[in-house]
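# Observations on the model geometry
The lines below spell out each chain.
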Amino acid sequence: MNNVQKAVVIVIAVVLCAGVAYTVLGNDDGETSRFDEIDLLSLEGLQEMSPTEALDGLTSRADTLVSEASDGNLSRNAMSMYVDELMTFYDDTLVSYMLFTWEYNRDPSGLSEEYSLWESFVSQGPETISEAFRSVLNGPGADTLRSVIGDEYADSVLAEEPLTDEELQLITAEAEAQDRYYNADPSDAETIAGIYGELIDIRENLAGLLGYESYSEYAYEELYGRGYSSEDTEAFKETVKEVFVPLFYLVLEDYEGRPSYSYSSEEELFADGGEFIRGVCPEFAELYDTMLGYDLIDFEDLDTKVDTGFCFFQALSDGSDFVYIYNNPNGTYYDLCTLVHEFGHASAAALSWSPTTDYDVMEVQSQGLEALFSVYCEMLGDTAEAEYTIFQFLYVTIEGCFWDDFQQIAYQEGADTVDEFDAIIERLEQEYGYASTIEWYELSHNFSSPFYYISYAVSAFSSLEVFVDALDDYDAAVDQYLDVVAFSHGYLDMVETLGMANPFDRNEAMTVAEGLLDWIVSAQAS
């Protein structure tokens, strides 16, 4: 998941709908269509370019647009042609970046330099396009360009502040430090502490240059586009400490561990997961079969793979989508859960008319499918999956809050030594009455996706609600979950529009906790 945030999407769109009133496009019978048609890009025939070729080619096309529009005599058709050429090439660069990311995660050795160059391009690419558009919008060709890209997008470009050389240097330094972390000895806490301290300094300096008081504020507001602040999460964190931690330990009393499951090949795993996925709805079945047919789901067992799992997706300007799922498997039930989880991301990317950019909603789209899977298994007579899922979701809810607090303190105090990071952990263990099983230097999100972990907590809470609702009425819960998949806006909009519980409201959070308690007591009594 951590790689999802790296996908850069340039969207020129007008939002025509809100909530669950979905836009009707090309529907002959006039009825509302929940999902868009599937249009996936396959791997066949894709040409991968280097990051240097990507930046040079994009810069060349941007310069051509500016030059051709400089005298104000460019026709709308000609302007549209140059814009389309620029954006189509940008699509090609993003596909190359996604292919490289896939290759890097399969084996990062020997790719450090290319990794840093691609990470720099991800920041510079959109800025190259924006600079070209700004130049035209401030010249005699402004009206013609506006007629092509629309006033809303044009105004947003003019409002942007271009990255300075100092900001670009910090972004490059951040990528280089991240690469050193990925290639470091994972047990060398001293070295990793130094890298982490360096990343904290770089990010705090970057946030200051971008006009924010802290990197936490920048991450919450700008990087992840949340509709709430870190201060807003405090009440939720208190509820987690007081209620969800005790629920977690209540489940732990009778917890028998991960359900027994093994498989002999990718094909067997995909067949087992497909039984549930195909049954959710016809669109899920079609998408799953298409991704398998295009070899867009990678659970190959390689010793060189980076130990992570994610769905990477990009909406392209021609209306198609490039989506793939990557995982480093361990041959257990966890792989089956990961397949279901990441397919939740893939379904939203490929089926939504206008995929949300809200990370919390994205995580409900993935974890919510896991919740349905566990109830599906329980209806078939196997309760181990439900117990495992509830254990995991409670664990993720606690961990999401715990590690967000860890990062908040580490960044506020500018920690950079093993002793300082360990002291923060000891303090939080006392506050939460809970000890994480992960060392701070083992959690890749601390280094690659700072302040993202709270999204896991918030979305796990909503997914626990999906579980509770599915116990009462599975079909209705599936229907609401599909509304979540199709949802295009922010997390707080989602919970309000779809009538879901707000985790930042203690009373609503307690309603979900009570439903969980009822299930836990019933399950332990049976």
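It should be noted that the structure appears before, not after, this text.
Quick look at the structure, then. (Residues numbered from 1 in each chain as written. Predicted model: local features only at pLDDT ≥ 70, side-chain atom pairs only at ≥ 80, totals over all residues. Heavy atoms only, no water.)

### A short note on the overall build of the protein
A tally of regular secondary structure across the protein gives 20 helices and 3 strands. For the protein, the C-alpha radius of gyration of 23 Å lies close to 24 Å, the compact-globule estimate for 526 residues. Counting only C-alpha atoms and orienting by the principal axes, one finds that the protein spans roughly 80 × 65 × 45 Å. Expressed as a percentage of its 526 residues, the buried residues of the protein come to 55%. Excluding contacts between residues fewer than 6 apart, the proportion of contacts in the protein whose partners are at least 24 apart in sequence is 77%. When the accessible surface of the protein is totalled, it reaches about 21900 Å², and 45% of it is carbon and sulfur. Side chains of the protein carry 17 positive and 106 negative charges; the gap between the two charge centres is 3 Å. (Helix = DSSP H or I, 4+ residues; strand = E, 2+ residues; numbered from the N terminus. Rg over C-alpha atoms; globule rule 2.2 N^0.38 Å. Buried < 20%, exposed > 50% of the residue type's maximum accessible area, 1.4 Å probe, protein only. Contact = heavy atoms within 4.5 Å. Areas by Shrake-Rupley, 256 points an atom, 1.4 Å probe, with all protein chains shown as cover. Lys, Arg positive; Asp, Glu negative; His and termini not counted. Charge placed at Lys NZ, Arg CZ, Asp CG, Glu CD.)

### Some points on the layout of surface pockets
Size it by volume and the second largest pocket reaches roughly 1500 Å³. In terms of lining, the second largest pocket is formed by 48 residues, of which the most central are Asp307, Thr308, Tyr334, His445 and Tyr453. Counting only elements with at least two residues in the lining of the second largest pocket, the list comes to α2 (76–106), α6 (165–182), α12 (333–351), α13 (359–379), α14 (384–413) and α17 (453–472). At 8 residues, the largest contribution of residues to the lining of the second largest pocket is made by α14. (1 Å grid on protein atoms, 1.4 Å probe; cavity = no way out; pocket = protein on both sides within 12 Å on 5 of 7 lines; lining within 4 Å. Points joined across faces, edges and corners; volume = space filled by probe spheres on them.)

### Examining the sheet that holds strand β1 (residues 297–298)
A sheet is described by the order of its strands in space; here 3 strands give the open sequence β1-β3-β2, paired in mixed fashion. In this open sheet, the two strands that pair with only one neighbour each are β1 and β2 (309–315). Bridge count between β2 and strand β3 (residues 321–327): 7 bridges; the pairing is antiparallel. Opposite Phe312, over in β3, you have Tyr324 as the bridge partner. (Pairing = 2+ DSSP bridges.)

### A look at the side chain of Ser352
Looking at the element boundaries, Ser352 is found in the loop between α12 and α13. A polar contact is formed between the side chain of Ser352 and the backbone nitrogen of Ser354, at a distance of 3.3 Å. A polar contact of 3.4 Å, which involves the side chain of Ser352, links it to the backbone oxygen of Ala486. Residues within four places of Ser352 in sequence aside, it is in contact with Asp36, Ser347, Val485, Ala486, Phe487 and Ser488. (Polar contact = N/O pair within 3.5 Å; in protein donor to acceptor, adjacent residues only side chain to side chain.)

### Notes on unusual backbone geometry
With glycine set apart, most residues show a phi of negative sign, and most peptide bonds adopt trans. Positive phi, close to 60 degrees, is recorded for Asp295, a residue that is not glycine. Mapped onto the fold, Asp295 is located in the loop between α11 (282–293) and β1. Positive phi is not limited to glycine here, since Phe451 has a value of about 70 degrees. Along the chain, the position of Phe451 falls in the loop between α16 (445–448) and α17.

### Let's talk about the nonpolar core
Phe133, Phe284 and Trp440 are the most contacted members of the largest nonpolar core, which totals 179 residues. The contacts of Phe133, once residues within four sequence positions are left out, are Leu65, Val83, Leu86, Met87, Leu145, Ile149, Tyr153 and Val157. (Core = buried A, V, L, I, M, F, W, Y, C linked by side-chain atoms within 4.5 Å.)

### Thoughts on the environment of Leu111
Its place among the elements puts Leu111 in the loop between α2 and α3 (112–137). With relative accessibility at 12%, the residue Leu111 sits in the buried group. Between the C-alpha atom of Leu111 and that of Phe100, which follows or precedes it by 11 residues, the distance is 9.4 Å. Ignoring sequence-local partners within four residues, the contact set of Leu111 consists of Phe100, Glu103 and Tyr104.

### Thoughts on the environment of Asp358
Along the chain, Asp358 falls in the loop between α12 and α13. The exposure class assigned to Asp358 is buried, which follows from its relative accessible area of 6%. Taking C-alpha positions, Asp358 is 6.5 Å from Gly225, a pair spaced 133 residues apart along the chain. Excluding residues within four positions of it along the chain, Asp358 makes contact with Gly225, His489, Gly490 and Tyr491. A polar atom in the side chain of Asp358 sits 2.9 Å from the backbone nitrogen of Asp360.

### Describing the pattern of salt bridges
Tallied over the full model, the rule gives 21 salt bridges. Measuring nitrogen to oxygen at the nearest pair gives 3.5 Å for the salt bridge that ties Glu160 to Arg134. Taken together, the positions of Glu160 in the loop between α5 (151–159) and α6 and Arg134 in helix α3 put the pair 26 residues apart, joining distant regions of the chain. Under the relative-accessibility criterion, Glu160 is labelled partly exposed at 32%. What emerges from the salt-bridge pattern is a single network uniting Arg106, Asp298, Glu300 and Lys305. (Salt bridge = Lys/Arg side-chain N within 4 Å of Asp/Glu carboxyl O.)

### Some remarks on the packing of aromatic side chains
Per the counting criterion, the structure on display carries 57 aromatic pairs. Ring centres of Phe100 and Tyr104 lie 5.9 Å apart, and the angle between their planes is 40 degrees; this geometry places the pair in the tilted category. Here Phe100 pairs with Tyr104, and both are found in helix α2, just 4 residues apart, close to one helical turn. Owing to a relative accessible area of 1%, Phe100 belongs among the buried residues under this scheme. For the ring pair Phe276 and Phe373, a centre distance of 5.1 Å and an interplane angle of 55 degrees mean the geometry is tilted. Taken as a pair, Phe276 in helix α10 (residues 266–280) and Phe373 in helix α13 lie far apart in primary sequence, 97 residues in all. By relative accessible area, Phe276 is classed as buried at 2%. Residue classification places Phe373 among the buried positions, given a relative accessible area of 6%. In this arrangement the basic side chain of Arg226 is found over the ring face of Tyr220, its NZ or CZ atom lying 4.6 Å from the centre. Taking NZ or CZ as reference, Lys241 lies 4.9 Å from the ring centre of Tyr432, over its face. (Phe/Tyr/Trp six-rings, centres within 6.5 Å; stacked < 30°, edge-to-face > 60°. Lys NZ or Arg CZ within 6 Å of the ring centre and 35° of its normal.)

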